[in-house]
Every structure is written in structure tokens, then in C-alpha cells.
Amino acid sequence: MDNLLFLEKERKGPVGLIRLNRPNVLNALNRQLISEIVQTFEEYDRDEEIRVIVLTGNGRAFAAGADIEEMADEDAVGMELLNQFADWDRITAVKKPIIAAVNGFALGGGFELALACDLLFASETAKFGFPEVNLGVMPGAGGTQRLTKAAGKTKALEMIWSGEMISAEEALRLNLINRVIAPELLLEETLAFAGKIAEKAPLAVRLIKESVYKALDISIYEGMQFERKNFYLLFASEDQKEGMQAFMEKRKPVFKGK
Ligand code: CAA
């Protein structure tokens, strides 16, 4: 699938880079763009040479939300029948790590997209917020759920009720993001970190992701049973043998993802 209208993709060794590319409208997420993002995530997820995905935006925004012009005249039945947010569930099913390099505004659906990524690295100039309440609506692609899990009820309500933006520093304090980076270094540092994860045993990376997300949904006891099965499962991999052998031979392991 290479007839991409609104995003650019580029391979950087084992890292698959995706750049949202509607800078004139601050990368507003119309349906076509969401569909291109999801399809590219899935394509990279299947691609044996790609181990980590990085998502960023061209211009001064990561994404300033769902495309308001596209939505303005919708009605409820049409929305229900179209069920456009179902596409977002497919992001949750991606097994490889996805890192957001948030270069500017991450608002509404743009913030939801960033929160749907596994790690968030942000530029010092990034701004996060849920302005939907100013439009007479509310977050619809996971915002009330993911922000609440990440920052807690009181901060989530404050942000979503007020519609106000917060800085990258504030987002860091709220545990919403991993790092704040100078704008000119954002992509370089994010790709460098992605490169580090890409060197780890891919099956372990994959099952770590699955296990950590489990923790958000189930009890500690059940989560520990789940984790244990994944731990045992890794002993069926060639990479477990290689990783432990390499340690004993005092050399760097060569992982194959098998
Ligand atoms: N949808 C469509 N177009 C958008 C957009 C959006 N979400 N955000 C920005 N744009 C467009 C603007 O209309 C403008 O286009 P024109 O040049 O053709 O007028 C262009 O991008 C540049 O934007 P501004 O001139 O407004 O730039 P600014 O620097 O003055 O302001 C901003 C930046 C504060 C981010 C402002 O653009 C803004 O408030 N954007 C809307 C943010 C928003 O409300 N997002 C939530 C959308 S709803 C949603 O996301 C629902 C959901 O849960 C999925």
C-alpha cells in the first residue's frame, strides 16, 4: 500500500518511521489519515525487518485532533453506522513497540493517538490537551480512558473539563510522557532509543508489551499468572538460548526474533 496521501514512511534500518503530513491543517486526523496510520502500523508489524515503529508529525503539530471540518455536519446515526473509531482498536493490536515523537500540538484525537503509542518522547515545545469540550463534544478515541489510567481521575477531569493545554514539562510531571527533548534533537534521540530497543530480543520485547498492557486491565494475581506463561514461553525461543549462551561466553548476543 503505497498510495499514501497524508503520511510519509521511511525505513531507518530496523526502525519504521512514520510522519503525519498534513502540516497546513496541523496534521488534523481525517478518516483517510487514520486509515493510512493504521495500515502502515500493521504493515510494519508484519515486516520481519522492522522491530520498532516511530510516529511523528511534519510541521508545528504532532496532530491537532480529529478533522473538525470533516466531522462538523455528521449526525449520531451516521457516526454509529460508520463507527470510525473502530479503526483505533487496530492500533491496540499492534505487537511491536510504537514510540511517539511529539513535535508540537497533540490535541484531542492527536493526544489520543500519542497516548495509544507505547512510549512518548516530546519536544520542549509540545502542547497536550483535550479541547473537545470547547466544540460541544468530548474525547471519543480513548482520551477519557487512557488519560485517567495514566494521570488519575482528578487530573483527567481537570484537563478534559477545562480543555486547557499543558506543556511537555507538565506532561512529564503527570507521568504521561517519557522524556522532554530539545526540538532539534527530538527525532534523533527518539530514533536512537528506538534503535536500542530494536537490538533486544524481539520476542521478549513483544511479550513484555503484552504483559505490561495486561496489568492495566486485570488483577495483580491474574496478571502474574499471565506474565509467568509468557516468561515460560520465551524458553521455546532460539533467542533465549542465544541470549543466555552469549552471556556465559561474554559476547554480544545476536537475536533473530525466533
Ligand atoms: N481540524 C481541522 N482543521 C484544523 C484543526 C482540526 N482539528 N486544527 C487546526 N486546523 C487548521 C486550522 O483551521 C487552520 O486552517 P486554515 O489555515 O485553513 O485556517 C490551520 O489548521 C492552522 O491552525 P490555526 O490557524 O488555528 O493555528 P493557531 O496556531 O492559531 O492555533 C491551535 C493552533 C490552537 C491548535 C488551533 O488550530 C486549534 O484550536 N485547533 C483545534 C484543536 C481541537 O479542537 N482539536 C480537537 C478536535 S475534536 C477531536 O479530536 C475528537 C476526538 O476525540 C477524536
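Just so it is clear, the structure is predicted and the values come from calculations on it, not from any experiment.

1. A short note on the environment of Ala93
The topology assignment puts Ala93 in the loop between helix H4 (86-92) and strand E5 (98-102). Separated by 48 residues in the primary sequence, Ala93 and Asp45 have C-alpha atoms spaced 9.6 Å apart.

2. A closer look at the packing of helix H6 (residues 143-151) against helix H7 (residues 153-162)
Packing of H6 against H7 brings their axes to within 7 Å, and their N-to-C directions diverge by 135°. By the criterion of interaxial angle, the relationship of H6 to H7 is oblique. Between H6 and H7 lies a crossing of right-handed hand. In this structure, H6 uses Gly143, Thr144, Leu147, Thr148 and Ala151 to contact H7, whose residues at the interface are Lys153, Lys155, Ala156, Met159 and Ile160. Of the residues in the contact of H6 with H7, the class split is five nonpolar, three polar and two charged.

3. Looking at the packing of aromatic side chains
Inspection of the entire model under this criterion finds six aromatic pairs. Residues Phe111 and Phe130 carry aromatic rings whose centres are separated by 4.6 Å and whose planes lie at 25° to one another, so their mutual orientation is stacked. Within this pair, whereas Phe111 is found in helix H5 (residues 109-116), its partner Phe130 is found in the loop between strand E8 (127-129) and H6, the two being separated by 19 residues in sequence. With a relative accessible area of 0%, Phe111 lands in the buried category. Taken together, Phe111, Phe128 and Phe130 form an aromatic cluster joined through their ring pairs. The lysine or arginine in question, Arg22, covers the ring of Phe6, its NZ or CZ lying 4.8 Å from the ring centre. Above the face of the Phe226 ring, Lys214 is positioned so that its terminal group lies 4.9 Å from the ring centre.

4. Regarding the confidence of the model for the protein
Summary statistics for the protein give a mean pLDDT of 97 and a share of 100% for residues scoring 70 or more. Mean pLDDT across the elements of the protein bottoms out in helix H3 (residues 76-82) (94) and peaks in E5 (99).

5. Examining the side chain of Arg22
Looking at the secondary structure, you find Arg22 in the loop between strand E2 (15-20) and helix H1 (31-46). The class of Arg22 is buried, set by a relative accessible area of 15%. Apart from the residues within four sequence positions on either side, Arg22 is in contact with Phe6, Asn27, Ala28, Asn30, Leu33 and Asp67.

Definitions and cut-offs
Residues numbered from 1 in each chain as written. Predicted model: local features only at pLDDT ≥ 70, side-chain atom pairs only at ≥ 80, totals over all residues. Heavy atoms only, no water. Helix = DSSP H or I, 4+ residues; strand = E, 2+ residues; numbered from the N terminus. Axes fitted to C-alpha atoms, helices over the stretch in contact; angles between N-to-C directions. Parallel < 35°, antiparallel > 145°, perpendicular 65-115°, else oblique. Left-handed = near helix turned anticlockwise from the far one by under 90°. Contact = heavy atoms within 4.5 Å. Nonpolar A, V, L, I, M, F, W, Y, C, P; charged D, E, K, R; others polar. Phe/Tyr/Trp six-rings, centres within 6.5 Å; stacked < 30°, edge-to-face > 60°. Buried < 20%, exposed > 50% of the residue type's maximum accessible area, 1.4 Å probe, protein only. Lys NZ or Arg CZ within 6 Å of the ring centre and 35° of its normal. pLDDT = per-residue confidence, 0-100.

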